Amino acid sequence: MKIDFHAPANRYSYAGREVQPDWAALVRPLVDPAAKRVVDIGCGGGLYSAAWADLGAAGVTGVDFSAEMVRTATEKNRRRTSIVFKQGDALATGLPSESADIVFERALIHHLTDYDACFREAARLLVRGGQAIVQDRTPEDVSLPGSPDHIRGYFFECFPKLLETEKARRPTDQAVEGALGRCGFGVLQTVTVWETRKRYDDFRGFAADLRARVGRSILHALTDAELNKLVDFIGQRLPANAPLVEKDRWTIWSGTKT
């Protein structure tokens, strides 16, 4: 089965954590968001929309195709006057042309098949000289072995079928750079980074998130019985009572609209 982003039961799946400080350290060398207008496409629960506001963006518009995600993001950020959320498609957001200085797309394009259409929409939204920041995992990123420093790798060690699913849906560097270039983005920059996803006091908190499939769409490909097997598999490889830091490797592409 696949995750249903429109289901009320999943509305908090991408809203139950805080963006860690190391993400800001990854982004700042790529773009200065101070006083800029940011559009966060595929915003989910609005975690990174809030992070852009914290970095000094003048205004942030989060866009997601799921009404449930937009509802959750709005609820979570109701006291932030500089952020608004709208339902819209990544290929046709409905936002005005040249209304953004930065377009951000995190963990979005692996759900899409037409990168060109996605990046054409990003280019339409951006002013000349504006930047597209695309963050996703490549097949190389997801293929790293499991370890206490890369817990997600245990998913694929336990269930090799998940790795094939994951690799098949992830964008290659060549495909992303090619699509950005065709859509009018120059001065392309690509960096590989490690981002802290979440910190846990102990394994029990991490296991609870796994069993609920919180923020991990790949786990929806497992049955409940398989998911319990995975939790046990990882539990045998990590300390039960020690704090856990979950990190993932990402690739970030940055392009300037010419």
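Attention here is on the structure that accompanies the text. Values in this document were obtained by computation on a predicted structure and should not be read as measured data.

### Details of the pattern of salt bridges
Inspection of the entire model under this criterion finds 21 salt bridges. Of the charged contacts, one joins Asp-136 and Arg-170 as a salt bridge, the two residues approaching to 2.6 Å between their closest N and O atoms. Taken together, the residues Asp-136 in strand 5 (residues 126-136) and Arg-170 in the loop between helix 7 (160-169) and helix 8 (173-182) connect sequence positions 34 residues apart. An identical accessibility class is assigned to Asp-136 and Arg-170; each is buried. For Arg-169, the salt bridge goes to Glu-166, with nearest N and O atoms at 2.7 Å. Pair noted here: Arg-169 and Glu-166 are both in helix 7, with a separation of three residues, about one helical turn.

### A closer look at the packing of aromatic side chains
Under the criterion given, the structure shown has twelve aromatic pairs. Arranged with centres 6.3 Å apart and planes meeting at 70 degrees, the rings of Phe-155 and Phe-156 form a pair that is edge-to-face. No difference in accessibility class separates Phe-155 from Phe-156, as the two residues are buried. Ring geometry for Tyr-200 and Phe-206: centres 5.4 Å apart, planes at 75 degrees, overall edge-to-face. Each of the two residues, Tyr-200 as well as Phe-206, counts as buried. Among the aromatic residues, those joined into a cluster by ring pairs are Trp-23, Tyr-48, Trp-52 and Phe-104. Residue placement shows Arg-137 over the ring face of Trp-250; its charged tip is 4.0 Å from the ring centre. Here Arg-237 stacks its cationic end above the ring of Phe-233, 3.5 Å away from the centre of that ring.

### Some thoughts on the sheet that holds strand 7 (residues 244-257)
Read from one edge to the other, the open sheet built from seven strands follows the order 3-2-1-4-5-7-6, with strand pairing classed as mixed. The open sheet has two edge strands with one neighbour each: strand 3 (83-87) and strand 6 (185-200). Ignoring which end each strand starts from, the neighbouring axes of this sheet average 20 degrees apart.

### Looking at the packing of helix 4 (residues 115-125) against helix 8
Where helix 4 contacts helix 8, the two axes come as close as 9 Å, and the packing angle between them is 45 degrees. In terms of orientation, helix 4 lies oblique with respect to helix 8. The interaxial crossing formed by helix 4 with helix 8 has right-handed handedness. Judged by residue contacts, Tyr-115, Asp-116 and Phe-119 of helix 4 engage Ala-175, Val-176, Ala-179, Leu-180 and Arg-182 from helix 8. Across the contact of helix 4 with helix 8, the residue classes break down as six nonpolar, no polar and two charged.

### Description of the packing of helix 9 (residues 203-211) against helix 10 (residues 224-235)
Where helix 9 meets helix 10, the closest approach of the two axes is 10 Å, and the angle between their N-to-C directions is 155 degrees. When the axis of helix 9 is compared with that of helix 10, the two are roughly antiparallel. For the pair helix 9 and helix 10, the crossing hand works out as right-handed. Where helix 9 approaches helix 10, its residues Phe-203, Phe-206, Ala-207, Leu-210 and Arg-211 are matched on the opposing element by Leu-227, Asn-228, Val-231, Asp-232, Ile-234 and Gly-235. Of the residues in the contact of helix 9 with helix 10, the class split is seven nonpolar, two polar and two charged.

### Considerations on helix 2 (residues 47-54)
Residue pairs three or four apart in sequence face the same way in an α-helix, which turns once every 3.6 residues. For helix 2, the buried fraction is high: seven of the eight residues fall into the buried class. The complete set of buried residues in helix 2 reads Leu-47, Tyr-48, Ser-49, Ala-50, Ala-51, Trp-52 and Ala-53. Residues of helix 2 that are buried sit in contact with helix 1 (21-27), strand 1 (37-41), strand 2 (59-64), strand 3, strand 4 (100-106) and strand 6. Among the residues trailing helix 2, Gly-56 stands out with phi positive, at a value near 105 degrees.

### Here we look at unusual backbone geometry
Although it is not a glycine, Ala-107 sits at a positive phi angle of roughly 55 degrees. By the element assignment, Ala-107 lies in the loop between strand 4 and helix 4. One non-glycine residue, Val-187, lies in positive phi territory at about 50 degrees. Within the fold, Val-187 resides in strand 6.

What counts and what doesn't
Residues numbered from 1 in each chain as written. Predicted model: local features only at pLDDT ≥ 70, side-chain atom pairs only at ≥ 80, totals over all residues. Heavy atoms only, no water. Salt bridge = Lys/Arg side-chain N within 4 Å of Asp/Glu carboxyl O. Helix = DSSP H or I, 4+ residues; strand = E, 2+ residues; numbered from the N terminus. Buried < 20%, exposed > 50% of the residue type's maximum accessible area, 1.4 Å probe, protein only. Phe/Tyr/Trp six-rings, centres within 6.5 Å; stacked < 30°, edge-to-face > 60°. Lys NZ or Arg CZ within 6 Å of the ring centre and 35° of its normal. Pairing = 2+ DSSP bridges. Axes fitted to C-alpha atoms, helices over the stretch in contact; angles between N-to-C directions. Parallel < 35°, antiparallel > 145°, perpendicular 65-115°, else oblique. Left-handed = near helix turned anticlockwise from the far one by under 90°. Contact = heavy atoms within 4.5 Å. Nonpolar A, V, L, I, M, F, W, Y, C, P; charged D, E, K, R; others polar.

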